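Listed below, chain by chain, are the residues.
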Amino acid sequence: MDWTSITFGAFLALVVVFAASSLSLAIIMRQQFLLWMTVRGLSIGLLALTFEPAAGALYDNPVQWHAVRVFATDLMVAITGPLLATYIGAEFGLRKTRILLWSMLPVGVFISLFAGPVAHSTALDWLHDLILASLVVALVVGLTSAVRAGSRRAAFQACAWAPSLAIGFVAFYFELVRLEAMPFYAEAMLIAFSIEFVVTTAGIGDGLARIEQERDEARAGMRAAVKANAIDPLTQIANRRGLVETFANPKLDRPSGLAVIDCDHFKRINDMFGHDVGDEVLCAVAQGLKHEDVFVARHGGEEFVALLYGPNWLNLAENIRRRISISVLELVPKLPFPVTASSGVAEVTADDTLDSAIKRADIALYAAKDAGRDTLLVHSPCGTVGAHLVRTA
C-alpha cells in the first residue's frame, strides 16, 4: 500500500470519527447544529470518495465521479448554511443573516439534483459553478456578520472553514475564468477538511467548556443569592431564614440551648441619637454575640437569637450577653451611657422545633425584663410559666 492510500484511509477514518462524535453529542446535548455537522461530515466523506485512489476503484468513467463530486459539493455547501445559522446562537439576533444562511439549503439541494446533467455539459457546469460560488459568498457574508456580532462559535468556524473557502475560491477562478481544473485540488481539499475537523472539534470543546463555566457561575450566583437571603444586610449575621436553615440542617450538631436576647431601652438610643447611631449599636451587638459554639441571628429589630452548642451552653449564654456592653462601648464610643441586654434562655430538647424553643426562651426574656432588665433568666424544664424561671445572674 502506497503513501497516498494510507493518507486517504486516515482521512476517511477521521471523517467517520468526526461524524460519529457529532451524532453522539447531538443525541446527548440535543443541539440541532450537531446534526448538521454530522451530515456535513458525511457529505465531505462522500466528496472524498471522488478523489484518488477511491475514484479509480468506485467509478467506471470520469463523468460518473464528476457527477458524484458535484452532488457531494452542493450538499456540503447547502448544509453549511443551516449549520452556521443554528450554531452561532440566538442571543446575537442577526435575523437577516439567519434568513440568508437558511436560504442556502434549498438552493444547494436544488442544484444538486442536476448533478448528472452538469457532469455532461460544459455550459451547465459553468452555470452550476457560478450559483455555487454565490452560495459560498453568502456563507462568507454570514460568517463575517456573526463574527462582527461577537459570536465566539462563528469565530471558530471562520478559522475552521478558511482553508477550504480559500481553496474553493481558487478552484472557482480556475473553472470560471481559466476554464480548467485546479491542479492538486483533491490534495488541497483533504488537507483543508482535516484542518476543519480539528478546529471544529476544538470549537465544540470550547463551547462545552463555556457552557460548564456558565453553569458553574449560575450555580455560584444561586448559592450567593441564597446566602444573601439568609444574611441580615445591616449586621451581616444570619437573619430569620439563616436561623431556620441552620437549626434544621441535619449535617450540623443540634444546639443544646437557645437564647433570645433583646437590647434594653433601645428606643431611647434611636430617639436621642437617631437611627444611624442605632444601626451602629445593632452592628456592635452582633459583633459582641459572635463566639465559638454560638450561632447568632438577628430575629428582628433589636432582638437576636443565639443557638448555643456544647455542655456549657448556659454559661456561654451569659458570657455573650455580657459581651454586648463591652462591644458597644468599644465600637460606638459616642454613646454617653452603657448598653445592656436582657436574655431568655431555654434548653433545646430532642422534640423541639425552632419555634417551640424560641417560644419558651421568649417567656424567659419577658420575665427578665419584668425583673429589671440587664439579666438572664432560664426557662425551667419543669414548667412553662413565670414561676418556673430561675435567675442565673
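Computed from a predicted structure; not experimentally measured. (Residues numbered from 1 in each chain as written. Predicted model: local features only at pLDDT ≥ 70, side-chain atom pairs only at ≥ 80, totals over all residues. Heavy atoms only, no water.)

### Topic: unusual backbone geometry
Leaving glycine aside, a negative phi is the common case for residues, and trans is the common case for peptide bonds. The amide bond that connects Glu52 to the next residue, Pro53, takes the cis arrangement and shows omega of 10 degrees. Looking at the secondary structure, you find Pro53 in the loop between helix H2 (32-48) and helix H3 (54-58). A positive phi angle, close to 70 degrees, is found at Asp293, a residue other than glycine. Along the polypeptide, Asp293 turns up in the loop between helix H12 (275-289) and strand S2 (294-300). By relative accessible area, which is 44% here, Asp293 ends up partly exposed. (Helix = DSSP H or I, 4+ residues; strand = E, 2+ residues; numbered from the N terminus. Buried < 20%, exposed > 50% of the residue type's maximum accessible area, 1.4 Å probe, protein only.)

### Description of the side chain of Ser112
Here Ser112 lies in helix H5 (residues 95-112). A distance of 2.5 Å separates the side chain of Ser112 from the backbone oxygen of Val109, its partner in a polar contact. (Polar contact = N/O pair within 3.5 Å; in protein donor to acceptor, adjacent residues only side chain to side chain.)

### As for the layout of surface pockets
Its boundaries defined by the atoms lining it, the largest pocket holds a volume of some 890 Å³. If you go around the largest pocket, you meet 38 residues; those closest to its centre are Arg69, Asp129, Ala171, Glu175 and Tyr185. Elements supplying a minimum of two residues to the lining of the largest pocket: helix H4 (62-87), helix H6 (115-120), helix H7 (122-148), helix H8 (152-177) and helix H9 (185-229). Here the lining of the largest pocket is built from residues that sort into 23 nonpolar, 8 polar and 7 charged. (1 Å grid on protein atoms, 1.4 Å probe; cavity = no way out; pocket = protein on both sides within 12 Å on 5 of 7 lines; lining within 4 Å. Points joined across faces, edges and corners; volume = space filled by probe spheres on them. Nonpolar A, V, L, I, M, F, W, Y, C, P; charged D, E, K, R; others polar.)

### As for the pattern of salt bridges
Pairing between side chains becomes possible if they bear opposite charge and their charged atoms approach one another. If you walk through the whole model with that rule in mind, you get 13 salt bridges. Between Lys267 and Asp271 there is a salt bridge whose closest N-O contact spans 2.8 Å. One end of the pair is Lys267 and the other is Asp271, both in helix H11 (residues 266-273) and 4 residues apart, which spans about a single turn. For the residue pair Lys267 and Asp271, the accessibility class agrees, reading exposed in each case. Between Glu318 and Arg322 there is a salt bridge, and its shortest N-O distance comes to 2.7 Å. Here Glu318 and its partner Arg322 are both found in helix H13 (residues 313-331), 4 residues apart, which amounts to about one turn of the helix. Each of the salt bridges in this network shares a partner with another, and the network as a whole consists of Glu318, Arg321, Arg322 and Asp374. (Salt bridge = Lys/Arg side-chain N within 4 Å of Asp/Glu carboxyl O.)

### Examining the packing of H5 against H7
Orientation of H5 relative to H7, taken along the N-to-C sense of each, is 160 degrees, at an axis distance of 10 Å. Comparing their axes, H7 and H5 come out roughly antiparallel. Of the two elements, H5 crosses H7, and the hand of that crossing is left-handed. Side by side, H5 and H7 meet where Thr97, Leu100, Leu101, Met104, Val107, Gly108 and Ile111 of the first sit next to His128, Ile131, Leu132, Leu135, Ala138, Leu139, Val141, Gly142 and Ser145 of the second. (Axes fitted to C-alpha atoms, helices over the stretch in contact; angles between N-to-C directions. Parallel < 35°, antiparallel > 145°, perpendicular 65-115°, else oblique. Left-handed = near helix turned anticlockwise from the far one by under 90°. Contact = heavy atoms within 4.5 Å.)

### What to know about the nonpolar core
The biggest cluster of nonpolar side chains holds 53 residues, and the ones touching the most others in it are Phe11, Met37, Phe51 and Trp161. Taken together, the elements giving at least two residues each to this core come down to helix H1 (3-29), H2, H4, H5, H7, H8 and H9. Sort the elements by how many residues they give to this core and H8 lands first, with 9 residues. Formed by 32 residues, the second largest nonpolar core is a distinct cluster that contains Ile261, Ala284, Ile320 and Val332. (Core = buried A, V, L, I, M, F, W, Y, C linked by side-chain atoms within 4.5 Å.)

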